[in-house]
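Take a look at the letters that make up each chain.
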Amino acid sequence: MRGIYSALLGAFDSDGKVDVQGVHELVRHNIAFCHVDGLYVNGSTGENFLMTTEAKKQMLKAVAEAANGEVRLIAHVGSNVLEEALELSHYAAELGYDAVSAVTPFYYKFSAEEIKGYYRTIASQSPLPLVAYYIPALTGIQLRLEDIEEILRIPNIIGIKFTSNDFFILESLRSALPDKLFFSGYDEMLLSAAVLGVDGAIGSTYNCIGHWAKQVIEAVGANDLKTARTMQHHMNVVIRTMVKAGIYPTLKALARLYGVSIDGCKPPMQATTDVHREAARRVFEYIRRVDEGQECVSGL
Ligand code: MN9
């Protein structure tokens, strides 16, 4: 399960239905251009929290069909509604997914004990192994090191998508749990996570620069920090531009420049504007120049 996974973008038509053809093109782009090792489906980037259960299932199915067994698949099934999380876990297993993942429950100020109970329930009833998903900046749920460690020791939990900049916690967990899988969640901090020995990364920008993320991980593995830093720098030029313009609409506008015919985001997320299209165009050119080996020290 190691490697670089795209947190796959969502693909919806103008009335919010899953766009099966768009999903197909997006998946093929991720495999052919970004060379990712796997896809993380229906995560934050996939607009999970804007989707009906039926749409989540359609997305899982469309991705499995398009991926055709060529890359690993993780289905994010996390939900405050435990019945939904379990239903989606069983559906993902039927479709041949490799694992499921679940964000910490959110909105209510759940206690650490309640969160552990949530993970015990999903892990014990899911037919697939489970990757915990920790993203305190979005959920507002901050866990202590001891609590995350306890969650990771629950049977059938194989690892964690760690989207936090607390590298003290990451290092402590990594050394305490050598057999668990650690996925870095902030693309802009991949290098820092890689030097601490993560097994891979899951991120939204890997929908266009997954091949650079692979180079960062591989260069760190080969003790080539110079290359790793250069590639992380290139990643960050791109990420900075996209975050400034609005990351998801810009990623979708960028995918269109690679011939992937997907529409914008689901409301209430913002529609695509010229700001996103212009940022996407500049990023597209930058990626091309870096891939062709041109000097790009001055950025975009
Ligand atoms: O899945 C992503 N987080 C969110 C992880 O979308 C909330 C990251 O890949 C970020 O989009 C990325 C840019 O900040 O690191």
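Residues numbered from 1 in each chain as written. Predicted model: local features only at pLDDT ≥ 70, side-chain atom pairs only at ≥ 80, totals over all residues. Heavy atoms only, no water.

Caption draft 1: Looking closely at the site of the ligand. Every residue close to the ligand is listed here: T45, I135, L138, K161, G185, Y186, D187, E188, G203, S204, I247 and Y248. Within the side chain of T45, an N or O atom sits 3.5 Å from an oxygen atom of the ligand. The contact in question runs from an oxygen atom of the ligand to an N or O atom on the side chain of K161, over 2.8 Å. Taken together, the residues of the shell around the ligand break down into five nonpolar, four polar and three charged. (Near = heavy atom within 4 Å. Polar contact = N/O pair within 3.5 Å; in protein donor to acceptor, adjacent residues only side chain to side chain. Nonpolar A, V, L, I, M, F, W, Y, C, P; charged D, E, K, R; others polar.)

Caption draft 2: Just the pairing of strand β5 (residues 130–134), in detail. Judged by how many residues are buried, β5 sits mostly within the fold: five of five residues are covered. The two faces of β5 match: L130, A132 and Y134 on one face and V131 and Y133 on the other face are all buried. Across four bridges, the pairing between strand β4 (residues 99–103) and β5 is parallel. Bridging across to β5, A102 finds its partner in A132. For the segment spanning β4, helix α4 (residues 112–125) and β5, crossover handedness is right-handed. (Buried < 20%, exposed > 50% of the residue type's maximum accessible area, 1.4 Å probe, protein only. Helix = DSSP H or I, 4+ residues; strand = E, 2+ residues; numbered from the N terminus. Pairing = 2+ DSSP bridges. Right-handed = clockwise from strand over helix to strand, strands pointing away.)

Caption draft 3: Representation of the nonpolar core. One finds V27, L39, V63, Y97, Y119, W212 and M235 to be the most contacted residues of the largest nonpolar core, which totals 89 residues. Once residues lying within four places of it in the same chain are set aside, the contact partners of L39 are Y5, S6, L8, V27, N30, V63, V71, R72, L73 and I74. By size, the runner-up hydrophobic cluster in this structure holds twelve residues, among which are I74, A99, V103 and V131. (Core = buried A, V, L, I, M, F, W, Y, C linked by side-chain atoms within 4.5 Å. Contact = heavy atoms within 4.5 Å.)

Caption draft 4: Summary view of the packing of aromatic side chains. Under the criterion given, the structure shown has ten aromatic pairs. Ring geometry for F33 and Y258: centres 4.6 Å apart, planes at 40°, overall tilted. With a gap of 225 residues between them, F33 in the loop between α1 (20–32) and β2 (38–41) and Y258 in the loop between α11 (247–257) and α12 (274–291) connect regions that are remote in the sequence. Classification of F33 by relative accessible area gives partly exposed; the value is 26%. (Phe/Tyr/Trp six-rings, centres within 6.5 Å; stacked < 30°, edge-to-face > 60°.)

Caption draft 5: Inspection of the sheet that holds strand β6 (residues 157–162) at higher detail. The strand order β1-β2-β3-β4-β5-β6-β7-β8 describes a closed barrel built from eight strands, whose pairing is parallel. Between one strand and the next, the sheet's axes are offset by a mean angle of 25°, whatever the strand orientation. Across four bridges, the pairing between strand β1 (residues 3–7) and strand β8 (residues 200–203) is parallel. Residue pairing for β8: Y5 is matched across the bridge by I202. (Axes fitted to C-alpha atoms, helices over the stretch in contact; angles between N-to-C directions.)

Caption draft 6: Highlighting the side chain of K180. Position of K180 relative to the elements: it lies in the loop between α7 (167–176) and β7 (181–184). One polar contact links the side chain of K180 to the main-chain carbonyl oxygen of L152, over a distance of 2.9 Å. Only 2.7 Å separates the side chain of K180 from the backbone oxygen of I157, close enough to count as a polar contact. Beyond its immediate chain neighbours, meaning those up to four positions away, K180 contacts L152, I154, I157, I158, G159, R174 and D199.

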